Amino acid sequence: MQNVQQNDYDLGETLIRNDGITGQETQVFVKDYTGFHQNINRSDKTVMMRDDGTTEADVYYYRNVWTSKVPQNDGSMTVNTHVYGDGTFVDPVREGYTFDHWVDQFGATFSSSYVPFDGDVMTAVFNPAEVDYTVVHMVPELGTGDMKEHSRQTFRALSESEVTASPVDITGFHFTSATTENVDPEGTTVVYVYYARNEWDTDVDGVVAHHVYGDGTFVDPVKEGYMFQYWYVSGAENVEIHDEDDVQHGSTLYAKFEPRTDIAYKVEHYVQNVLDDNYTLYTTESKNDGVMGEVVVAIPMA
């Protein structure tokens, strides 16, 4: 049997046969050994049988040598040569994939325990494995509109598969678009989700103003004689909106006012003069319970 180094032969086993006929030329028996094949040029093909039992025939076996091909993620193919018993024919590793089986030059499939024949060409077949990919949520800067990262998430999907991303709730922003990518087996894929700032209008007694989330223009309105209560949208007058974080993109908000009940006013009391029909200011009362739009009725002093 040829050694692993392929530079010499070692005795594998000795077979004793007792079916020879003295004086006749007998064909030498060749045995099948896993991982070996006969060295025809060096082996005895036939022997002349002697009657003293000393007839010997030597059969030499090469070790099987074969080639493996392993596809790589960059499109190249790694090619290696293997000698039976050298320990190099193992399940290959490819990032983002799981080894499945070998296929020979004839298209037949084999498991990893298979011992190829001499001269075989074995190609590795892989299945996509789950790998990480990243989803980055992008929001615009106020004023410039330049996109910046708001947050990111990590997910897993089969390599080579097509992925996109769902939007998340980001206060003051609304979803506009997302990219679609094929998952890189090395886990470098990034899917981008884009958002825009919320914009809306306010209507205060017919005066309309436009607002962009974060621009500082969304403030409580002032109306003389009234107190601002809250913002609302048409059809939902009882749903109070107090902060721009709660405003929906594209909506129109209306201001809810209530008349002030603390308007200051004075009540002046006059008394008739003794000598004529004129009146003289007697005293003045300061009040702060006036209601905008309502008539004030003074109460005579006792």
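These numbers were taken from a predicted model, which means no experiment stands behind them.

Thoughts on the sheet that holds strand β9 (residues 121-128)
Thinking step 1. The 5 strands are arranged β6-β5-β9-β7-β8 in an open sheet whose pairing can be described as mixed. Each end of this open sheet is capped by a strand with a single partner; those strands are β6 (77-83) and β8 (109-110).
Thinking step 2. Of the pairings in the sheet, the one linking strand β5 (residues 65-71) to β6 comprises 7 bridges and is antiparallel in character. If you follow Trp-66 over to β6, its bridge partner there is His-82.

Notes on the pattern of salt bridges
Thinking step 1. Inspection of the entire model under this criterion finds 10 salt bridges.
Thinking step 2. One salt bridge connects Lys-223 with Asp-205, and the closest N-O pair in it is separated by 3.0 Å. You can see Lys-223 sitting in the loop between β17 (207-212) and β18 (226-233) and its partner Asp-205 sitting in the loop between β16 (199-204) and β17, a full 18 residues away along the chain.
Thinking step 3. By relative accessible area, Asp-205 is classed as exposed at 57%.
Thinking step 4. The partner of Lys-256 in a salt bridge is Glu-258, and the shortest N-O contact between them spans 3.8 Å.
Thinking step 5. Salt bridges sharing common partners tie together Glu-130, Asp-132 and Arg-156.

Describing the packing of aromatic side chains
Geometry of an aromatic ring pair is reported as the spacing of the ring centres plus the angle between the planes.
Thinking step 1. This structure, assessed with the given rule, holds 17 aromatic pairs.
Thinking step 2. Taking the centre distance of 5.0 Å and the plane angle of 85 degrees together, the rings of Tyr-9 and Tyr-60 count as edge-to-face. One end of the pair, Tyr-9, is in the segment before β1 (25-27); the other, Tyr-60, is in the loop between β3 (46-48) and β4 (61-63), with 51 residues separating them in the sequence.
Thinking step 3. Feature note: the residues Trp-66, Phe-89, Phe-99, Trp-102 and Phe-126 constitute an aromatic cluster, connected by ring pairs.
Thinking step 4. Sitting over the face of the ring of Tyr-226, Lys-223 holds its NZ or CZ atom 4.5 Å from the ring centroid.

Re the nonpolar core
Thinking step 1. Tyr-133, Trp-231 and Leu-253 are the most contacted members of the largest nonpolar core, which has 24 residues in total.
Thinking step 2. Counting residues per element, the ones that place at least two in this core are β10 (130-140), β15 (190-197), β16, β18 and β20 (252-259).
Thinking step 3. Top element by residues in this core is β10. It accounts for 4 residues.
Thinking step 4. In contact with Leu-253, not counting residues within four places along its chain, are Trp-200, Asp-201, Thr-202, Asp-203, Phe-218, Trp-231, Tyr-232, Val-233, Ile-241 and Val-247.
Thinking step 5. Counting residues in each nonpolar core, the second largest holds 10 residues, with Phe-99, Trp-102, Phe-110 and Ala-124 among its members.

Things to note about the side chain of Thr-134
Thinking step 1. Looking at where Thr-134 falls in the secondary structure, it is placed in strand β10.
Thinking step 2. Among residues more than four places away in sequence, those in contact with Thr-134 are Arg-152, Gln-153, Thr-189, Val-190 and Val-191.

Considerations on the environment of Trp-200
Thinking step 1. Here Trp-200 is to be found in strand β16.
Thinking step 2. Taking relative accessible area as the criterion, Trp-200 reaches 1% and is therefore assigned buried.
Thinking step 3. Considering only alpha carbons, one finds Trp-200 and Ile-40, 160 residues apart in sequence, at a separation of 90 Å.

Conventions and cut-offs
Residues numbered from 1 in each chain as written. Predicted model: local features only at pLDDT ≥ 70, side-chain atom pairs only at ≥ 80, totals over all residues. Heavy atoms only, no water. Pairing = 2+ DSSP bridges. Helix = DSSP H or I, 4+ residues; strand = E, 2+ residues; numbered from the N terminus. Salt bridge = Lys/Arg side-chain N within 4 Å of Asp/Glu carboxyl O. Buried < 20%, exposed > 50% of the residue type's maximum accessible area, 1.4 Å probe, protein only. Phe/Tyr/Trp six-rings, centres within 6.5 Å; stacked < 30°, edge-to-face > 60°. Lys NZ or Arg CZ within 6 Å of the ring centre and 35° of its normal. Core = buried A, V, L, I, M, F, W, Y, C linked by side-chain atoms within 4.5 Å. Contact = heavy atoms within 4.5 Å.

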